[in-house]
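One-letter residues, chain by chain:
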Amino acid sequence: MNTAIDFYFDFGSPTSYLAYYRLQQLSRKYSAQIHYKPVLLGGIFKQTENASPAMIPAKARYMMQHDLPRFAKRYVIDFKLNPYFPINTLPLMRGALAAEKSGCFDRYCQVVFTAIWQKGLNLGDMDILARELAAGDIDVNTLMALSQGNEIKQTLIRLTDEAVARGLFGVPTMFIGDDMYFGQDRLDFIEETLTARQNS
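Residues numbered from 1 in each chain as written. Predicted model: local features only at pLDDT ≥ 70, side-chain atom pairs only at ≥ 80, totals over all residues. Heavy atoms only, no water.

**Description of the overall build of the protein chain**
Part 1 of the argument: Assigned secondary structure in the protein chain consists of nine helices and four strands.
Part 2 of the argument: Ordering the α and β elements of the protein chain from the N terminus gives β-α-β-α-α-α-α-α-α-α-β-β-α.
Part 3 of the argument: A compact globule built from 200 residues would reach a C-alpha radius of gyration of about 16 Å, and the protein chain, at 16 Å, matches this within 12%.
Part 4 of the argument: Taken over the C-alpha atoms alone, the protein chain extends approximately 50 × 40 × 35 Å along its principal axes.
Part 5 of the argument: In the protein chain, which comprises 200 residues, the proportion classed as buried is 49%.
Part 6 of the argument: For the protein chain, contacts bridging at least 24 residues in sequence account for 73% of all contacts bridging at least 6.
Part 7 of the argument: Surface accessibility of the protein chain: about 10,200 Å² in total, with carbon and sulfur atoms responsible for 50%.
Part 8 of the argument: Counting 21 positive and 21 negative side-chain charges, the protein chain places the averaged centre of each group 4 Å from the other. (Helix = DSSP H or I, 4+ residues; strand = E, 2+ residues; numbered from the N terminus. Rg over C-alpha atoms; globule rule 2.2 N^0.38 Å. Buried < 20%, exposed > 50% of the residue type's maximum accessible area, 1.4 Å probe, protein only. Contact = heavy atoms within 4.5 Å. Areas by Shrake-Rupley, 256 points an atom, 1.4 Å probe, with all protein chains shown as cover. Lys, Arg positive; Asp, Glu negative; His and termini not counted. Charge placed at Lys NZ, Arg CZ, Asp CG, Glu CD.)

What follows is the structure, given as structure tokens:
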């Protein structure tokens, strides 16, 4: 039986970007199944009274200039500081749920993560977002209309509330069963678990 990994993420989180691609690598290596859980990080922060590391200037500089590039090099993926960080990701996270219903979720995630954390684009600008999605062969008008529907809006609220109820205080957060792993720098523990299950 393949191991299932629940992956809670927000596109505006650079560590979610790293975890997204690293989890794909691990999934291919260990035949794990990733269950994607788009959530609104701002909503999680508000409910848990947590705050972004970006609010601490020295920590933000360290993460962006040293820590994150080191992990990107380890995972062999591109990473670029985004000059527009932080970006309002509410439309992007609703878009992820709309993409899931439309059958283009993987392509949507790749386009959005690449635009923010490889190209350094401002996806808070809806014109730029539309351009990038169209270039990724995604039906922009259909996706945007669907993402504005009440069902999508309520689903994002529900997923965010469920995440907090499950113990989340930030992203990326992963679960294997009831075991919780916060931060992309905890993916080594996930790989240990996947290795042990593969060898059992």
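**Digging into unusual backbone geometry**
Keep in mind that most residues, glycine aside, have a negative phi and that most peptide bonds are trans.
Part 1 of the argument: With an omega dihedral of 0 degrees, the bond running from Phe 85 to Pro 86 counts as a cis peptide bond.
Part 2 of the argument: Tracing the backbone shows Pro 86 in the loop between α3 (57–75) and α4 (90–102).
Part 3 of the argument: With omega at 0 degrees, the peptide bond leading from Val 171 into Pro 172 counts as cis.
Part 4 of the argument: Relative to the helices and strands, Pro 172 resides in the loop between α8 (150–165) and β3 (173–176).
Part 5 of the argument: Positive phi, close to 55 degrees, is recorded for Ser 31, a residue that is not glycine.
Part 6 of the argument: Considering the arrangement of structural elements, one finds Ser 31 in the loop between α1 (14–30) and β2 (33–38).

**A look at the pattern of salt bridges**
Part 1 of the argument: A complete count under the given rule lists eight salt bridges for this structure.
Part 2 of the argument: Close ionic contact of Arg 131 with Glu 132 constitutes a salt bridge, the shortest N to O distance being 3.1 Å.
Part 3 of the argument: Of the charged contacts, one joins Asp 185 and Arg 186 as a salt bridge, the two residues approaching to 3.0 Å between their closest N and O atoms.
Part 4 of the argument: Take Asp 185: its relative accessible area is 37%, and that puts it in the partly exposed class.
Part 5 of the argument: Residues joined in a network through salt bridges with shared partners are Arg 22, Lys 29 and Glu 191. (Salt bridge = Lys/Arg side-chain N within 4 Å of Asp/Glu carboxyl O.)

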